[in-house]
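Coordinate analysis (summary)
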Amino acid sequence: MEGITGRDFREVHAACFPGADRYRLPFLSPAGAHQLTPRQRRELDPGPLGCGRLLPQVLTKDPADFLWAASALAELGYGQVDLNLGCPSGTVVGKGKGAGLLRDPGALDRFLEAVFRDAPLPVSVKTRIGLEDPAEWEDILPVLARYPIRELTVHPRTRRELYKGGVHFDAFRRAAEILPFPLRYNGNLFTPSAVQRVESACSGLAGAVIGRGLLADPALITRCKGGVRDREALIAFHEELAARYLASMHPDGAVLPKFKELWMYLSLLLPEEKAWKRLRKCARWAEFHPLALGLLRESELLPEADFSRLSQADVVIKN
Ligand SMILES: Cc1cc2nc3c(=O)[nH]c(=O)nc-3n(C[C@H](O)[C@H](O)[C@H](O)COP(=O)(O)O)c2cc1C
């Protein structure tokens with residue numbers, strides 16, 4: 001997830017909460033210069049997890065940019081690259097990228113043809129089901145079906161729906177009927193029982209992809225695999241992530257906003273909605289950190305994160 005689940009997050013998460021089969025990297029948006037910046041290199045360095053447990057993703061509407069990025073990723077040792085057809089942010093869609101590529105199935109077809117003709121790596125795709133209307137999915141599906149997509153992850157919402165309301169599970173089922181390649185489901189998986197329900201509703205499912213649920217409860221995957229949420233692991237995760245960020249970022253200018261974005265989700269695990277209001281008011285890291293740590297140490301934790309409290313107005317629309 002762009003802006004949140006970067007290298008520090010995934011490495012600290014994997015150390016504190018083993019269980020995730022794979023971590024998806026926040027999208028890489030190639031610039032015209034076709035050169036990775038030092039910051040991108042650091043983010044893309046597979047580190048201790050190794051390429052096999054990481055899936056990098058590219059966001060672009062230009063096949064040449066995609067192919068360049070895929071080659072750069074192959075050189076770094078990655079064995080697969082994911083294409084983003086889901087990002088709903090206004091600036092991204094306005095430029096015809098992310099979910100913007102779903103606007104015109106003919107143009108999408110031409111884009112995919114150029115990508116698959118020369119791709120140096122197997123290509124997977126993560127997509128929404130349309131721009132404005134779920135009915136668009138019927139025109140997108142046959143285009144996707146023409147290409148040897150390594151695996152397709154479907155977040156069954158339109159771009160217009162952003163993250164609001166329910167998902168169109170029927171659209172996901174339709175993909176499962178028609179498409180010949182492995183399918184992964186994504187969207188509103190906030191509890192182990194939700195993951196189980198999706199897995200039993202679709203027998204051929206290649207897997208589930210969890211986004212915000214893992215930010216609200218970093219132990220969610222551990223719990224899906226039969227483990228429990230351990231408070232000490234949660235504290236260790238929080239403190240190690242803070243230490244990693246503080247080693248390279250300004251406490252108030254960069255670490256505080258990153259932690260506020262994380263806590264917008266993590267606070268859904270606390271019974272008191274007021275806790276988030278107090279945290280978001282903090283203007284300094286020195287004020288925020290003891291308050292956050294105190295809550296993790298002393299507050300009761302809900303059995304499941306309460307997503308009914310997530311304010312859509314607060315969600316940072318990056319994808
Ligand atoms: C802040 C934020 C950043 C995101 N960044 C990405 C991204 O870089 N690539 C991507 O494929 N999806 C991204 N997503 C979308 C999630 O991967 C996921 O599709 C979406 O949140 C729905 O799943 P969930 O209900 O499990 O969160 C992002 C979502 C959010 C809220």
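For the structure itself, look to the data block above.
Not measured: the values here are computed from a predicted model. (Residues numbered from 1 in each chain as written. Predicted model: local features only at pLDDT ≥ 70, side-chain atom pairs only at ≥ 80, totals over all residues. Heavy atoms only, no water.)

Concerning the nonpolar core
Condition: Side-chain atoms within 4.5 Å are what join buried Ala, Val, Leu, Ile, Met, Phe, Trp, Tyr and Cys residues into a set we call a nonpolar core. The buried label goes to any residue with under 20% of its type's maximum accessible area, the exposed label to any with over 50%, and the partly exposed label to all in between, with areas taken from a 1.4 Å probe on protein chains only. Where helices and strands are cited, they refer to DSSP runs of H or I of at least four residues and of E of at least two residues respectively, numbered from the N terminus.
By size, the foremost hydrophobic cluster in this structure holds 59 residues, and its most contacted members are Leu112, Trp137, Leu144 and Leu152. Top element by residues in this core is helix H3 (residues 63–75). It accounts for 6 residues. In terms of nonpolar packing, the next biggest core, distinct from the first, is built from 41 residues, Ile4, Leu215, Ala233 and Leu310 among them.

Overview of unusual backbone geometry
We note that Leu162 has phi near 50°; this positive angle belongs to a residue other than glycine. Judged by relative accessible area, which is 18%, Leu162 ranks as buried.

Quick notes on the site of the ligand
Stated precisely, the cut-off is as follows: Proximity criterion: a residue is near a molecule or strand once any of its heavy atoms comes within 4 Å of it. N or O atoms closer than or at 3.5 Å make up a polar contact, with two conditions inside protein: a donor-capable atom paired with an acceptor-capable one, and, for residues adjacent in sequence, both atoms drawn from side chains. For the area figures, the Shrake-Rupley method with a 1.4 Å probe applies, and any residue is considered shielded solely by the protein chains shown.
Within the structure, the ligand sits among 21 residues, and Glu2, Gln57, Asn186, Asn188 and Arg212 are positioned closest to it. Contact between the ligand and Phe27: an oxygen atom at 3.1 Å from a main-chain N or O atom of the residue. Considered on its own, the ligand offers 610 Å² of accessible surface; in the complex 96% of this is hidden by protein.

A word on the layout of surface pockets
Selection rule: The definitions used throughout rest on a 1 Å grid laid over the protein atoms alone, on which a cavity is an enclosed set of points accommodating a 1.4 Å probe that cannot get out and a pocket is an open set flanked by protein within 12 Å on both sides along at least five of seven lines; lining residues are those having an atom within 4 Å of a point. Grid points are joined across faces, edges and corners, and a volume is the space filled by probe spheres set on the points. Residue classes follow a fixed rule: Ala, Val, Leu, Ile, Met, Phe, Trp, Tyr, Cys and Pro count as nonpolar, while Asp, Glu, Lys and Arg count as charged, and any other residue, Gly among them, counts as polar.
Estimates place the volume of the second largest pocket at around 610 Å³. If you go around the second largest pocket, you meet 22 residues; those closest to its centre are Glu2, Gly6, Pro26, Arg39 and Glu43. Examining the composition of the lining of the second largest pocket, we find that 5 residues originate from one element, helix H2 (residues 38–44), more than from any other. Across the lining of the second largest pocket, the residue classes tally to 9 nonpolar, 5 polar and 8 charged.

Quick notes on the pattern of salt bridges
For clarity, the threshold we go by: Between Lys or Arg on one side and Asp or Glu on the other, a salt bridge is scored when a side-chain nitrogen of the former is within 4 Å of a carboxyl oxygen of the latter.
What the rule picks out here adds up to 22 salt bridges. A salt bridge links Glu11 to Arg244; the shortest N-O distance between them is 2.7 Å. Taken together, the positions of Glu11 in helix H1 (residues 7–16) and Arg244 in helix H11 (residues 231–248) put the pair 233 residues apart, joining distant regions of the chain. A relative accessible area of 10% means that Glu11 is categorised as buried. Relative accessible area serves as the criterion here: at 24%, Arg244 is assigned to the partly exposed category. Here Glu132 ties to Arg160 by a salt bridge, and the two come within 2.7 Å at their closest N and O atoms. Placement of the pair is Glu132 in the loop between strand S5 (123–127) and helix H6 (137–145) and Arg160 in the loop between strand S6 (152–154) and helix H7 (169–178), with a sequence separation of 28 residues. Given a relative accessible area of 40%, Glu132 falls into the partly exposed group. Where salt bridges share partners, they join Arg7, Asp8, Glu11, Arg42, Glu43, Asp45 and Arg244 into one cluster.

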